[in-house]
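Chain by chain, the residues:
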Amino acid sequence: MKKVVIGGLLALAGSIWSLAIILTAGNNLVNGWDTALGRFWSTVLDMNLMVPFVLSAAVAVFGICILLIEYFRKEG
């Protein structure tokens, strides 16, 4: 049960952190951007938010992995 709570909190924190970065970049779009990346990702790179975004996504995925492992674990 303890791992389920930890996994849930990690998934929640990572997703809220990612959402905050997405909203920040979405509200401050750049005027000139590389067409290969697109306007949103160019904004994320311009604001130096790529590393925090990747970390927040990794925390969310790690939390979901903990939840899935605990869900499918057999108790003896």
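Residues numbered from 1 in each chain as written. Predicted model: local features only at pLDDT ≥ 70, side-chain atom pairs only at ≥ 80, totals over all residues. Heavy atoms only, no water.

A.B. asks: Looking at this structure, how should I read the packing of helix α1 (residues 2–27) against helix α3 (residues 50–72)?
C.D. replies: Helix-helix packing is characterised by the crossing angle of the two axes and by the distance between the axes. In the contact formed by α1 and α3, the axes pass within 7 Å of each other and the chain directions differ by 155°. Taken together, α1 and α3 sit at an angle that is classed as roughly antiparallel. Here α1 and α3 pass one another in a crossing that is left-handed. Residue composition of the contact of α1 with α3, by class: 16 nonpolar, seven polar and two charged. (Axes fitted to C-alpha atoms, helices over the stretch in contact; angles between N-to-C directions. Helix = DSSP H or I, 4+ residues; strand = E, 2+ residues; numbered from the N terminus. Parallel < 35°, antiparallel > 145°, perpendicular 65-115°, else oblique. Left-handed = near helix turned anticlockwise from the far one by under 90°. Nonpolar A, V, L, I, M, F, W, Y, C, P; charged D, E, K, R; others polar.)

A.B. asks: How should I be thinking about the packing of aromatic side chains in this particular structure?
C.D. replies: The geometry of an aromatic ring pair comes down to the distance between the two centres and the angle between the two planes. Per the stated rule, a full pass over the model turns up three aromatic pairs. Taking the centre distance of 5.5 Å and the plane angle of 65° together, the rings of W41 and F53 count as edge-to-face. Of this pair, W41 sits in helix α2 (residues 39–46) while F53 sits in helix α3; the two residues are 12 residues apart in sequence, bridging distant segments of the chain. Residue classification places F53 among the buried residues on the basis of a relative accessible area of 17%. Look at Y71 and F72: their rings are 4.9 Å apart centre to centre, the planes differ by 80°, and that puts the pair in the edge-to-face class. Accessibility assignment for this pair places Y71 and F72 in one class, exposed. (Phe/Tyr/Trp six-rings, centres within 6.5 Å; stacked < 30°, edge-to-face > 60°. Buried < 20%, exposed > 50% of the residue type's maximum accessible area, 1.4 Å probe, protein only.)

Geometry only, nothing functional implied.
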